[in-house]
Amino acid sequence: MNRFKSFFILLFLLPCTILGQQTRQYKILTVGFYNLENLFDTMDDPLTFDNDWTPEGKYNWTLEKYRSKLKNLAAVMGGLNDEYSVHPPEILGVCEVENRAVLEDLIREEPFNSYDYSVVHFDSPDRRGIDVALIYRTKVFLPTHEKSIRLLLFENDDLGKRIYTRDMLLVSGLLDGEPIHLVVNHWPSRRGGEESSRPRRIAASKRMKQIVDSLWTEDPYSKIICMGDFNDDPNSPSIRNILKPILTRKNAKLKRLFNPMEVLHRKGYGTLAYRDNWNLFDQFLISSELLKKDYGSLRFFKADIHNDIELQTASGRYKGYPFRSNNNGLFTGGYSDHYPVYLYLIKEADTTSEGK
């Protein structure tokens, strides 16, 4: 997998050969997603169950620990300052954030504070108060429509108690001047067992499919990127049977989704580990319009997992697992229990004005 320094790439002119074409110059833009593992502030919100994440709570969550976690996360998301990675990705979806305030604190950390970043966030009804959100570089992405979309879940097929979970986030806008739709997800967990909790993720999948289908109804050529922690693998029923993504980009038909994480999953890669088994819950699903070979417009280039050595637990029982920030109630100084994922969008650069 790619090294730490190549996690995020600057919008730049890249001379390269793609799909047998002659050497040309291309722009590359990065879209990332990261489960931030309980990014809570230290204050008690009386409307949510966040009491554990206070100085007096279960995790003794102090301002010092909070600031350390922010710094660590920003360093991962920003990458290293090498020939390619000068700033964080143009677009970054995140989950497990408590509120807008923690996001504002995050983009005040280096290297975000050296650039012009903003956030899209809505409070959702999740009982713990965790939400999904979008961070974006304002000089490259212009949001034109933002919507929080509720996922209604009930015990016993609509007859029982309401299950409060995260909303989905739909953000439409112009990325480098081109229309694009971004759907950020954090589907219901496997708490209680994969099989017993499966109907909740099936419901989430159907809800996301409704969102995508509605976008295609308006414009069948829509460029769509769905991202998130789906709490399911690429071959799980919620993904394979409901969304039915194509498994290869060749001969992609209109109004279909493509899962670039499928090939990584088949090779045994994952974004989180549990009982010595790897899962690839953090995924992208992209519309087939992004798979075309006309690079005069934004197209999908590649996707990967950022699992560099700095993000791995160095020793002990969980050696090689993601280096999480909390382990059995103790602050470790780590990052998250998930690895981040990213994809590159690419298009041919207009060089006609160069030198003028």
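The notes below deal with the structure included here. All figures in this text were calculated on a predicted structure; none of them were measured in a lab. (Residues numbered from 1 in each chain as written. Predicted model: local features only at pLDDT ≥ 70, side-chain atom pairs only at ≥ 80, totals over all residues. Heavy atoms only, no water.)

Focus: the overall build of the protein chain
Across its full length, the protein chain holds five helices and 19 strands. When each of the 356 residues of the protein chain is scored for burial, the buried share is 54%. Within the protein chain, contacts between residues separated by at least 24 positions form 69% of all contacts whose residues are at least 6 apart in sequence. (Helix = DSSP H or I, 4+ residues; strand = E, 2+ residues; numbered from the N terminus. Buried < 20%, exposed > 50% of the residue type's maximum accessible area, 1.4 Å probe, protein only. Contact = heavy atoms within 4.5 Å.)

Focus: the sheet that holds strand β9 (residues 168-175)
Within a beta sheet, neighbouring strands are joined by backbone hydrogen bonds and run either parallel or antiparallel to one another. Taken in spatial order, the six strands of this open sheet run β6-β9-β10-β11-β15-β12, and their pairing is mixed. Where the open sheet ends on each side, the last strands, each with one partner, are β6 (141-149) and β12 (257-258). Both β9 and strand β10 (residues 178-186) contribute to a ladder of seven bridges, which runs antiparallel. The residue of β10 that forms the bridge with Leu 170 is Val 183. (Pairing = 2+ DSSP bridges.)

Quick look at helix α3 (residues 194-218)
Compared with the 36 Å implied by 1.5 Å per residue over 25 residues, the 35 Å span of α3 between its first and last C-alpha is a close match. Along α3, the helix axis deviates most sharply at Arg 200, where the bend reaches about 25 degrees. (Expected span 1.5 Å × (residues − 1). Bend = angle between axes of the 7 residues up to and from the residue.)

Quick word on unusual backbone geometry
In this model, Glu 110 is joined to Pro 111 through a cis peptide bond whose omega is 0 degrees. Positionally, Pro 111 belongs in the loop between α2 (100-106) and β4 (117-121). In this structure, Asn 38 takes a positive phi of about 60 degrees despite not being glycine. Position of Asn 38 relative to the elements: it lies in strand β2 (residues 24-39). Owing to a relative accessible area of 13%, Asn 38 belongs among the buried residues under this scheme. The phi dihedral of Lys 255 is positive, around 60 degrees, even though this residue is not glycine.

Re the packing of aromatic side chains
Taken as a whole and judged by the stated rule, the model has 14 aromatic pairs. Ring geometry for Trp 53 versus Trp 61: centroids 5.2 Å apart, planes at 85 degrees, classification edge-to-face. Measuring from centroid to centroid gives 5.1 Å for Phe 112 and Tyr 117, while their planes differ by 85 degrees, and the two rings are edge-to-face. Following the ring pairs from residue to residue traces out a cluster consisting of Phe 40, Trp 53, Tyr 59, Trp 61 and Phe 331. (Phe/Tyr/Trp six-rings, centres within 6.5 Å; stacked < 30°, edge-to-face > 60°.)

Here's the deal with the pairing of strand β11 (residues 224-229)
Here β11 lies mainly inside the structure; six of its six residues are buried. Residues Ile 224, Cys 226 and Gly 228 of β11 are buried on one face, and the alternating residues Ile 225, Met 227 and Asp 229, pointing to the opposite face, are buried as well. As paired elements, β10 and β11 share six bridges and run parallel to each other. Paired with Asn 185 across the strands is Gly 228, a residue of β11. Chirality of the crossover, the property in question, places the unit of β10, α3 and β11 among those that are right-handed. In this structure, β11 lies alongside strand β15 (residues 282-287), joined through five bridges in antiparallel fashion. Each bridged residue has a counterpart across the sheet, and for Cys 226 the counterpart in β15 is Leu 285. (Right-handed = clockwise from strand over helix to strand, strands pointing away.)

A few points about the pattern of salt bridges
As enumerated under the stated definition, the model contains 20 salt bridges in all. Lys 302 is the salt-bridge partner of Asp 304, the closest N and O atoms lying 3.9 Å from each other. Using a relative accessible area of 6% as the deciding quantity, one classes Asp 304 as buried. Classification of Lys 302 as partly exposed rests on a relative accessible area of 28%. Because the salt bridges share partners, they merge into one network encompassing Lys 27, Asp 176, Glu 178, Lys 223 and Lys 347. (Salt bridge = Lys/Arg side-chain N within 4 Å of Asp/Glu carboxyl O.)

Things to note about the side chain of Asp 167
Along the chain, the position of Asp 167 falls in the loop between β8 (162-163) and β9. Polar contacts involving the side chain of Asp 167 include one to the side chain of Ser 148, which spans 2.9 Å. Among the polar contacts made by the side chain of Asp 167, one reaches the side chain of Arg 150 at a distance of 2.9 Å. Residues in contact with Asp 167, not counting those within four places in the same chain, are Asp 123, Ser 124, Pro 125, Val 132, Ser 148, Ile 149, Arg 150 and Leu 151. (Polar contact = N/O pair within 3.5 Å; in protein donor to acceptor, adjacent residues only side chain to side chain.)

Quick notes on the pairing of β15
For β15, the buried fraction is high: six of the six residues fall into the buried class. Where burial is concerned, the two faces of β15 agree: the one with Asp 282, Phe 284 and Ile 286 and the one with Gln 283, Leu 285 and Ser 287 are both buried. With two bridges joining them, β12 and β15 adopt antiparallel strand pairing. Among the inter-strand pairings, Phe 258 is bridged to a residue of β15, identified as Ile 286.

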